[in-house]
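# Topology and contacts: notes
Okay, here's what each chain looks like letter by letter:
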Amino acid sequence: MIAEVIVDLALNQTDKPFDYSIPESLQPLVERGARVIVPFGPRKLVGFVVAIKSDTALEKVRPIHSVIDQTPVLTDELLQLGKWLAKETLCYEISAFLAMLPAAMKASYKKVISVADAGLFENEFMDLLFLFKNGEQIEWESLQKTHGSWLKRIKEALQAGALKEHQQVNQGQAVKKMKVVQPALTYDELKQSLETFKGRAKKQRDVLTFFLEQESPTAIAVNEVIRATNVSRATIKTLVQKGFLIETEKEVYRDPFQGSAKPTIPLELTDEQQAAIHPVLEDLDERRHRVHLCHGVTGSGKTEIYLQAIQRVLEKGQEAIVLVPEISLTPQMVERFRGRFGDEVAVLHSGLSRGEKYDEWRKIHRGEVRVVVGARSAVFAPFTNVGIIIIDEEHETSYKQEESPRYHARDVAIFRGEFHHCPVILGSATPSLESYARAQKGVYRLAPLLKRVNQKPMPPVSIIDMREELRAGNRSMFSRDLFQSLQERLRKGEQSVLFLNRRGYSTFIMCRDCGHVLSCPHCDISLTFHRKNNKVKCHYCGFEEQVPHQCPSCGSEHIRFFGSGTQKVEEALTTLLPEARVIRMDVDTTRKKGAHERFLKAFGRGEADILLGTQMIAKGLDFEKVTLVGVLAADAMLHLPDFRSTEKTFQLLTQVGGRAGRHQLDGEVIIQSYTPEHYAMTLAAEHDYQHFYLKEMQSRKRHDYPPFYYLSLITVSHESFARASGVAEQITRLLAQELTSQAIILGPVAPPIARIKDRYRCQCMIKYKNEPKLKQTLKNILDHYQGAFSKEGLSISMDIDPYLMM
DNA sequence: AGCACGCCGACT
DNA sequence: GTCGGCGTGCTC
C-alpha cells in the first residue's frame, strides 16, 4: 500500500502530497489523518497522511519510517477543510494542518552528533574527547554556539567516520505525568504487616493506615498522600523501597479550572427568545445547515439561547463548538458553560499554557467532552459529530487570523456547518455589516432580540463635547460632567467603569521646542512610553531604549509625553480623587497569569470604586453596582486609516454602554469626544443599530468597500524601498491584465506604517465582486516571485478579506 | 529548509 | 591541474 503524505515543510515546491510505501508492520497504524515520520532527502520529517492508495506512478518510493499517532489527529473532514483553507487563503496545505492542532504538537528537528567508531575516535580525535565523554550525543546547534572553534575539527571527524550525525525528530508534545503510589499488598496482608511495624516508624504506619482507610486500593497521587497524612516524601520513598508501595506514573490532564462550577438550570425563555431559538431547534431536528444571525442587544439573553440550543445538541448525542473572542473569554463566561454542562466542557484560550491547551485538545480528541468553548482556533475542534457552532460577538475582528493561514473563523464555521448539516449561530449586539447585509438578503436568517430580559431600558447616554470643555478652560482629561458623576458614585458607594482604548503611559514623546517625535529607528512609527522601566518601546519590532533627557534633534530638554494612556489616567485619578480606589486593567497589568480574573473578582467584591481599562473591559462584564460608564476618548480610533474604523467605534461604544445599570440600580453612560456630532457617536448614544447600519452602508457603497465589494490586499516588503515599490508596481500591472474590467485595482501605495523592522512596505489593494481567476492569479504571482524570496529577501503577503490594513 | 550538483576564478 | 565560491534544482 502507498500513503500520500504532506510533509512538514512550508514551501512552494513541497506543497503537494509525496508517495511513501507502508511497511507491513505499520499497515494497521497508517491511516488518513495520522502523523508519520518519513525520510525526505537526507533527513526525516513529520508528515500528515492525506490518502492511502494501492499503487503509485513513481518507480522509487521510500517506506514510511514510523507512525506518531495511534489515532489520527485529523479527521477526514479536517483534511478536506485543510485543503480548502489552503486554496482559499493561499497558504500551504501543511500550514493549514498545523493551524488546526495545538502548538504543542508542532514538531522540531535537530541534528545530533555522536561517536560512530570508538577505536578510530580514540586514536585520531583525542582532542575532541572532552566533548564526547561518555558516548553522549551532542546537538549541532549548541555545538555551534558553545564550541564554535571546534567545528572544523568535528567536520574532519565526521568525514573520517569517527563521528556520525543524524536527525532527531522531536514531536514536542508534553504529556504531564504524575507520580502515584498504591499498596503492593492485598488489604489483609497490609493489615498484618501493619502490626509488625513496631516502635519508631510511626510515619510509615500512618501512611499504610491511610491506604487501609481507602475504600478501594487504587493508586493515589504522591502529593495527595503527603497532604493527607502529613508525612514527607522520604517516608513514601522508604515504603516503596521496602516493597509495601508501588510507585508508578499516571498521565494526567492539567486542569486550568480547578474545582467545579456552580450548576445552573435552564431559564424560562421570553417570547422573543423562543422565536429566536425555535428555528435553530428545527434545524437541529432536521439536520439542516443554516446560518442564524442573532442580533441581540446587551442583556437580551443570547447566552441562554446558546445554552439551550447546546442542551438539545447534547441530548441528540452530538457536539457543540462555541467561539468567544479571546478578550471576553473571561472566567465569568466560562463558568456559565461549565455551570450548565459541567465536565462536558473543554476550554481553549490563550491564557492557558501550551501544555494545558494540548490537554484540553486531547479531551476533545478522545471524545471525553462534547462542548468546547474557545477562541478562534477552537473552530478546528476535532469533533466528529458536530451539532452546532456558535460564534458569539460575531463582529469581533479577532476572529480573523492575521498570519498565515489568514482565515476567518466565521468562514471555517460555515464550512463545518455545511459538512455536518448543522446550524451555525452568529450572535452580536452589533453585527458586522457583512453579516447583517447577508441577513438582509436572506442568506442568513435574522433572529432579532431587541428587548432586555429584565425589562430594564438601555441606560441614558450623554455625549460630551471635549472642544467645549477646552474652551471653558478645562484642560484635564475628565469633562466636568464626568468628574462630577464620578464624585457622585463615590459618595453613594456605587462603582464606575472608565474606558480608554490606549495602553501604556502615553502614546508618544514629543519635543516641545522643535516638535520632534521619538520614533523607532527600524520602523516608521512613534515609540510608546512605558513608565515602569522608564523606557520607550516600539510595538512593532520590540525595539526599546531609555527615555533621553534631551531631544535627539535639537538638544532641548523640554521633552514631553503626549496623548494619555491608562497609566496617565490612573495618575490623574489619584490626584483628583485621592479617596477613590482604582483598579487599572490593561495589557501591562494583566500580563501575569490569572491577573485578569483576580482584578475582576476584586472589583466584583467591591474592593475598588473605579475600574479603569482598555478594550478588555469593554465586554462580558456584568457587575451589579456599576452605575456609571465613562468613555474617555471615544474618537481615538475613529480616524485610524481603516475603512472599518467607524464601525469599530460604534461597536465599541455600544458594547461599553451595555456595561452600565444591568441590575437594580439605574445606570448612566458618558462619552467624551472631540467629534460629538459624528454618527458613530450619536447613533451609539441612541442605541440605534438599524440607523447606523443604513448610514454606514451608504458610506461603504460610496467608497466601494465591503460588503459591496470583496477585498484582497497584497503587501510587498523589501530592504530597499525601490525594490518593494517596483515589485508592487509589476503586480498591479499584471493584475490589471488578468482580472476583469470590473475589478478595481489600487496602488501601489505605501501603507500607514511604511517601514517595519528595517523593511519598506508597499501595498496593492483589489476590490472586486466576482473574479473567478483571482486566486489562481495571486498564486501565480507568488510562484513567480518564489526565487526572489530567499535570494534577495523579498517578501509578499496576500490577505484575502483583510481586517488589518497596516 | 538542507543538500548535492555543477560551473567559473585563485592557488599548491 | 585542483579547491572552493554559491546559483540551481530536487526531495516520494
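Note that the coordinates shown come from a computational prediction; the quantities given were computed from them, not determined experimentally. (Residues numbered from 1 in each chain as written. Chains lettered and ligands numbered in written order. Predicted model: local features only at pLDDT ≥ 70, side-chain atom pairs only at ≥ 80, totals over all residues. Heavy atoms only, no water.)

### Remarks on the UniProt feature "binding site: Zn(2+) 1" (unreviewed entry) in chain A
When the UniProt feature table is mapped onto this chain numbering, "binding site: Zn(2+) 1" (unreviewed entry) sits at Cys-511, Cys-514, Cys-551 and Cys-554. Across 44 residues of sequence, these annotated residues stay compact in space, with a maximum C-alpha separation of 8.6 Å. Along the chain, Cys-514 falls in the loop between β21 (508–511) and β22 (528–530). Taking relative accessible area as the criterion, Cys-551 reaches 3% and is therefore assigned buried. Excluding residues that lie within four positions of it along the chain, Cys-551 makes contacts with Cys-511, Cys-514, His-516, Ser-556 and Ile-559. (UniProt positions renumbered as here; feature names shortened; annotations may be inferred. Helix = DSSP H or I, 4+ residues; strand = E, 2+ residues; numbered from the N terminus. Buried < 20%, exposed > 50% of the residue type's maximum accessible area, 1.4 Å probe, protein only. Contact = heavy atoms within 4.5 Å.)

### Things to note about the state of the cysteines
Across all of its chains, the model carries zero disulfides by this definition. As a non-bridged cysteine, Cys-422 has Cys-294 as the owner of its nearest cysteine sulfur, 16 Å distant. Unpaired in terms of disulfides, Cys-762 finds its nearest cysteine sulfur in Cys-764, a separation of 8.9 Å. The exposure class assigned to Cys-762 is buried, which follows from its relative accessible area of 3%. (Disulfide = S-S within 2.5 Å.)

### Details of the protein's contact with DNA strand B
All residues adjacent to DNA strand B are Leu-9, Leu-11, Pro-42, Arg-43 and Lys-111. Close to the protein, within 4 Å, the atoms of DNA strand B belong to sugar or phosphate groups at a rate of 41%. Here a base nitrogen of DNA strand B sits 2.4 Å away from a polar atom, N or O, in the side chain of Arg-43. By residue class, the composition of the surface near DNA strand B is three nonpolar, no polar and two charged. (Near = heavy atom within 4 Å. Polar contact = N/O pair within 3.5 Å; in protein donor to acceptor, adjacent residues only side chain to side chain. Nonpolar A, V, L, I, M, F, W, Y, C, P; charged D, E, K, R; others polar.)

### Brief notes about the packing of helix α11 (residues 302–315) against helix α12 (residues 331–341)
Remark: α11 packs on α12, axes separated minimally by 11 Å, with the N-to-C direction vectors making an angle of 35 degrees. For α11 against α12, the interelement crossing comes out right-handed. Contacts between α11 and α12 involve Thr-303, Glu-304, Leu-307, Gln-308, Ile-310, Gln-311 and Leu-314 on the former and, on the latter, Met-333, Arg-336, Phe-337, Arg-340 and Phe-341. Looking at side-chain class alone, the contact of α11 with α12 contains six nonpolar, three polar and three charged residues. (Axes fitted to C-alpha atoms, helices over the stretch in contact; angles between N-to-C directions. Left-handed = near helix turned anticlockwise from the far one by under 90°.)

### Structural notes on the pairing of strand β6 (residues 108–115)
Alignment of β6 against strand β8 (residues 163–170), held across eight bridges, turns out to be antiparallel. For Lys-110, the partnering residue across the bridge sits in β8 and is Gln-168. Sheet topology note: the β6/strand β7 (residues 138–139) ladder contains two bridges and is antiparallel. The residue of β7 that forms the bridge with Val-112 is Glu-139. (Pairing = 2+ DSSP bridges.)

### Here we look at the protein's contact with DNA strand C
Contacts to DNA strand C come from 13 residues, most closely from Phe-18, Asp-19, Gly-41, Leu-58 and Arg-62. A share of 44% is what sugar and phosphate atoms reach among the atoms of DNA strand C within 4 Å of the protein. Backbone polar atom of Asp-19 to a base oxygen of DNA strand C: 2.4 Å apart, as the coordinates give it. Note that a sugar or linking oxygen of DNA strand C is positioned 2.7 Å from one of the backbone N or O atoms of Arg-62. Put simply, the parts of the chain that give the surface near DNA strand C at least two residues each are β2 (18–21) and β3 (35–40). Per-element tally for the surface near DNA strand C: the top contributor is β2, with three residues. For the surface near DNA strand C, the class distribution of residues is six nonpolar, two polar and five charged.

### What to know about the domain arrangement of chain A
When cut into domains, chain A gives domain 1 (2–105), domain 2 (108–170), domain 3 (177–251), domain 4 (271–449), domain 5 (461–507 + 563–700) and domain 6 (710–800). For domain 5 versus domain 6, the separation of C-alpha centres amounts to 39 Å. (Domains from an automatic or database assignment.)

### A short note on the environment of Gly-630
Among the structural elements, Gly-630 can be located in strand β28 (residues 626–631). Spatially, the C-alpha atoms of Gly-630 and Ser-496 are 7.6 Å apart, while their sequence positions differ by 134 residues.

### Overview of helix α9 (residues 233–242)
Those residues of α9 that sit buried are Thr-235, Ile-236 and Leu-239. Projected down its long axis, α9 carries its buried residues within an arc of 95 degrees, all on one side. Within α9, the exposed residues directed more than 90 degrees away from the buried face are Arg-233, Lys-237 and Gln-241. Backbone geometry just after α9 places Gly-243 at a positive phi near 90 degrees. (Arc of directions from axis to C-beta.)

### As for the sheet that holds strand β24 (residues 544–546)
Backbone hydrogen bonds hold the strands of a sheet together, and the pairing may be parallel or antiparallel. Ordered in space as β22-β23-β24, the three strands form an open sheet in which the pairing is antiparallel. Of all strands in the sheet, those with a lone pairing partner are β22 and β24, marking the two edges. On average, each strand axis in the sheet is inclined to that of its neighbour by 30 degrees, with strand direction left out of account.

### Some details on the packing of aromatic side chains
Across all of its chains, the model carries 14 aromatic pairs by this definition. Here Tyr-679 and Phe-692 contribute two aromatic rings whose centre-to-centre distance is 5.8 Å and whose plane-to-plane angle is 35 degrees, an arrangement assigned as tilted. Here Tyr-679 is found in helix α21 (residues 679–685), whereas its partner Phe-692 is found in helix α22 (residues 689–702), with 13 residues between them in sequence. On the accessibility criterion, Tyr-679 (18% relative accessible area) is buried. By relative accessible area, which is 1% here, Phe-692 ends up buried. An aromatic cluster is present here, built from Tyr-436, Phe-650, Tyr-679, Tyr-689, Phe-692 and Tyr-693 joined pairwise through their rings. The ring of Tyr-709 is capped by Lys-769, whose NZ or CZ atom sits 4.7 Å from the centre of that ring. (Phe/Tyr/Trp six-rings, centres within 6.5 Å; stacked < 30°, edge-to-face > 60°. Lys NZ or Arg CZ within 6 Å of the ring centre and 35° of its normal.)

### Thoughts on the sheet that holds strand β5 (residues 66–67)
With antiparallel pairing, five strands are arranged side by side in an open sheet as β2-β1-β4-β3-β5. Every other strand in the sheet has two partners, leaving β2 and β5 as the edge strands with one partner each. Here two bridges tie β3 to β5, and the two strands are oriented antiparallel to one another. Bridging across to β5, Ile-37 finds its partner in Ser-66.

### Quick word on the pairing of strand β17 (residues 424–428)
Counting buried residues in β17 gives five out of five residues, a clear majority hidden from the surface. Burial of β17 is two-sided: the residues Val-424, Leu-426 and Ser-428 facing one way and the residues Ile-425 and Gly-427 facing the other way are all buried. Note that strand β16 (residues 386–392) and β17 share four bridges and pair parallel. Looking across to β17, one finds that Ile-389 is bridged to Val-424. Taken together, β16, helix α14 (residues 409–420) and β17 constitute a β-α-β crossover, and its handedness is right-handed. (Right-handed = clockwise from strand over helix to strand, strands pointing away.)

### Focus on the packing of helix α7 (residues 202–213) against helix α8 (residues 222–229)
In contact at an axis separation of 10 Å, α7 and α8 are set at 110 degrees when each is read in the N-to-C sense. When the axes of α7 and α8 are compared, the pair comes out roughly perpendicular. Here Asp-206, Val-207, Phe-210 and Phe-211 of α7 come into contact with α8, specifically with Val-225, Ala-228 and Thr-229. Here the contact of α7 with α8 is composed, by residue class, of five nonpolar, one polar and one charged. (Parallel < 35°, antiparallel > 145°, perpendicular 65-115°, else oblique.)

### What about α22?
Side chains of residues three or four places apart in an α-helix project in the same direction, reflecting 3.6 residues per turn. When the terminal C-alpha atoms of α22 are compared, their 20 Å separation across 14 residues agrees well with the 20 Å that a helix rising 1.5 Å per residue should span. Tyr-689, Phe-692, Tyr-693, Glu-696, Met-697, Ser-699 and Arg-700 are the residues of α22 that are buried. Relative to the axis of α22, the buried residues are bounded by an arc of 160 degrees and lie together on one face. The outward face of α22, more than 90 degrees from its buried face, is lined by the exposed residues Leu-694, Lys-701 and Arg-702. (Expected span 1.5 Å × (residues − 1).)

### Focus on the nonpolar core
Counting residues in hydrophobic clusters, the biggest one holds 90 residues, and the most contacted among them are Leu-74 and Leu-611. The element best represented in this core is α21, accounting for six residues. Not counting chain neighbours up to four residues away, the residues in contact with Leu-74 comprise Arg-32, Gly-33, Phe-48, Leu-79, Phe-97, Met-100 and Leu-101. Membership of the second largest hydrophobic core comes to 30 residues, among which are Ile-305, Val-313, Val-345 and Val-371. (Core = buried A, V, L, I, M, F, W, Y, C linked by side-chain atoms within 4.5 Å.)

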